[in-house]
Amino acid sequence: MKKVVFTLLALTFIGITAVAQDSQTQYNFLRIPVSAHAAALGGDNITIIEDDPTLTFHNPALLAGVSDKTLNLNFITFMKECVAGSASFSKILTDKATIAALAQYVNYGSMKETDANNTVTGEFTAKDIALNCSFSYMLWKNVSGGITAKFVNSYIGSYSSIAVGVDLGINYYDPKHEWSLSLVAKNLGGELKAYDEEYGKMPLDVQAGVSKRFGTSPIRLSATFADLNHWDYKFINHCAVGIDFLLGEQFYVSGGYNFRRANEMKIIASGEEKGSSHGAGITLGAGLQLERFKVQAAYGKHHVSAGSLLVNLSYSL
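Residues numbered from 1 in each chain as written. Predicted model: local features only at pLDDT ≥ 70, side-chain atom pairs only at ≥ 80, totals over all residues. Heavy atoms only, no water.

S.K.: How would you explain the pattern of salt bridges if you had to name every residue and give the values?
M.R.: A full pass over the atoms with the stated rule returns 8 salt bridges. Of the charged contacts, one joins Asp205 and Arg31 as a salt bridge, the two residues approaching to 3.5 Å between their closest N and O atoms. Taken together, the residues Asp205 in strand β8 (residues 205–213) and Arg31 in the loop between α1 (2–18) and α2 (36–40) connect sequence positions 174 residues apart. If you follow the salt bridges from partner to partner, you end up with Arg31, Asp205, Asp227 and Arg260 in one network. (Salt bridge = Lys/Arg side-chain N within 4 Å of Asp/Glu carboxyl O. Helix = DSSP H or I, 4+ residues; strand = E, 2+ residues; numbered from the N terminus.)

Shown next, in the form of structure tokens:
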């Protein structure tokens, strides 16, 4: 079993790095952060080691650290009239294996429907749904691997599409020196049913990350490099960095910065040279993590005109 999982991971990463692919494709709602802790650390994080089921959405290998029978509910305020949420339930199978069921939902609200002459003929709605199953396994001491299978359904008015994909992840954690290293390939797959005759791909995203806590200090630093399959980006635009202040075993405060988001959200007004991202890219968050109950929140700007609040609630039955 261990050899099979590791071989799949190795072959996937070798194949992906051989050819660069466009990451801005269909089903980009899968890029919205689910974990408030990861969102507070710049929006992309695949390495922090916590008893936190939401981290499974970012790296299936991190499911190995989640408590048995943990129920999780999440909500994010996104754009105007857009409602997004997710949920998960995890179950430990053996001392090395854990499984989880996960779901994501985004409703984009009502929009005007027009004809070719721009005459309003009514309204329509759009929404995305993803149903996932994750499995993690301790491959060796300090090394866990994971896989998430995804079934995605998207609706725009009377049209719909269906896609399937997988996330593959691997994590190395050294508890003695507080080092955590991860590699993840997200959204490997494509459409089974297209909106029209043109079949699209999932938003492929290869990520690498590292986290380090310094001795007995309350500081933990993280860096995550996203979209490594998209080689034409500037190096800095692959990077999200974050810092945790671990105020005891039950409470943390976090901050981060996402360089790519800040660059993409930059507005250059007439007469300006550099422009301003108006705070896009900056992320903040905090969490209370008790033995059985956890509540976490994060704030960030996915658009210069609106901020997003992400809330996680978890309970171990």
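After that view, the rundown keeps rolling.
S.K.: Which residues make up the environment of Gly157, and what values go with them?
M.R.: You can see Gly157 is positioned in the loop between β5 (143–156) and β6 (159–174). Judged by its relative accessible area of 37%, Gly157 falls in the partly exposed class. Each C-alpha atom, one on Gly157 and one on Glu123, is 8.5 Å from the other, the two residues being 34 residues apart in sequence. Apart from the residues within four sequence positions on either side, Gly157 is in contact with Phe124 and Thr125. (Buried < 20%, exposed > 50% of the residue type's maximum accessible area, 1.4 Å probe, protein only. Contact = heavy atoms within 4.5 Å.)

S.K.: Break down the pairing of strand β3 (residues 97–114) for me, citing the residues and quoting the values.
M.R.: Judged from the 10 bridges that link them, strand β2 (residues 83–92) and β3 form a sheet pairing that is antiparallel. Bridge pairing in β3 places Ser86 opposite Gln104. Where β3 meets strand β4 (residues 120–140), 16 bridges bridge the pair, whose relative direction is antiparallel. Across the sheet, residue Leu102 finds its bridge partner in β4, namely Asn132. (Pairing = 2+ DSSP bridges.)

S.K.: Can you lay out the side chain of Lys301 for me, pointing to particular residues and giving the numbers?
M.R.: One can find Lys301 in strand β13 (residues 293–303). The exposure class assigned to Lys301 is buried, which follows from its relative accessible area of 15%. Excluding its chain neighbours within four sequence positions, the residues that come into contact with Lys301 are Arg261, His278, Gly279, Ala280, Gly281, Ile282, Ala306 and Gly307.

S.K.: Give a description of the nonpolar core that names residues and reports values.
M.R.: Ranked by size, the top nonpolar core spans 18 residues in total, and within it Tyr27, Phe29, Leu30 and Val152 carry the most contacts. By residue number, the principal contributor to this core is α2, which donates 3 residues. Once residues within four sequence positions are removed from consideration, Tyr27 is found in contact with Val152, Ser154, Ser161, Ile162, Ala163, Glu191, Lys193, Lys201, Met202 and Pro203. One finds Leu63, Val66, Ala100 and Leu102 within the second-largest nonpolar core, a separate group that totals 6 residues. (Core = buried A, V, L, I, M, F, W, Y, C linked by side-chain atoms within 4.5 Å.)

S.K.: Explain the pairing of strand β7 (residues 179–193) residue by residue, including any values.
M.R.: Along a regular strand, successive side chains alternate from one face of the sheet to the other. Here β6 pairs with β7 via 12 bridges, running antiparallel. Across the sheet, the residue bridging to Ala163 is Glu191, located in β7. What sits between β6 and β7 in their antiparallel hairpin is a turn of 4 residues, with Glu178 showing a positive phi close to 60°. Note: β7 against β8, 8 bridges, orientation antiparallel.

S.K.: An account of the packing of aromatic side chains is needed here, citing residue identities and associated values.
M.R.: Enumeration over the complete set of coordinates arrives at 3 aromatic pairs. Pairing Tyr257 with Phe259 gives two aromatic rings, centres 4.9 Å apart and planes at 80°, and the pair type is edge-to-face. For Phe259, a relative accessible area of 27% gives the class partly exposed. Positioned over the ring face of Tyr155 is Lys127, at 5.5 Å from the centre of the ring. (Phe/Tyr/Trp six-rings, centres within 6.5 Å; stacked < 30°, edge-to-face > 60°. Lys NZ or Arg CZ within 6 Å of the ring centre and 35° of its normal.)

S.K.: So what about unusual backbone geometry? Which residues, and what values?
M.R.: Although it is not a glycine, Asn142 sits at a positive phi angle of roughly 75°. Take Asn142: it is sitting in the loop between β4 and β5. Of the residues examined, Asn142 reaches a relative accessible area of 24% and is grouped as partly exposed. The phi torsion at Glu178 lies on the positive side, around 60°, for a residue other than glycine. Structurally, Glu178 is set in the loop between β6 and β7.

S.K.: Please give an account of the side chain of Asp128 that cites residues and values.
M.R.: If you trace the backbone, Asp128 turns up in strand β4. Of the side chains with opposite charge, Lys127 lies nearest to the buried Asp128, which makes no salt bridge, at 10 Å. Reaching out from Asp128, the side chain makes a polar contact with the side chain of Tyr108 at a distance of 2.5 Å. Polar side-chain contacts of Asp128 include one of 2.5 Å to the side chain of Ser154. (Lys, Arg positive; Asp, Glu negative; His and termini not counted. Polar contact = N/O pair within 3.5 Å; in protein donor to acceptor, adjacent residues only side chain to side chain.)

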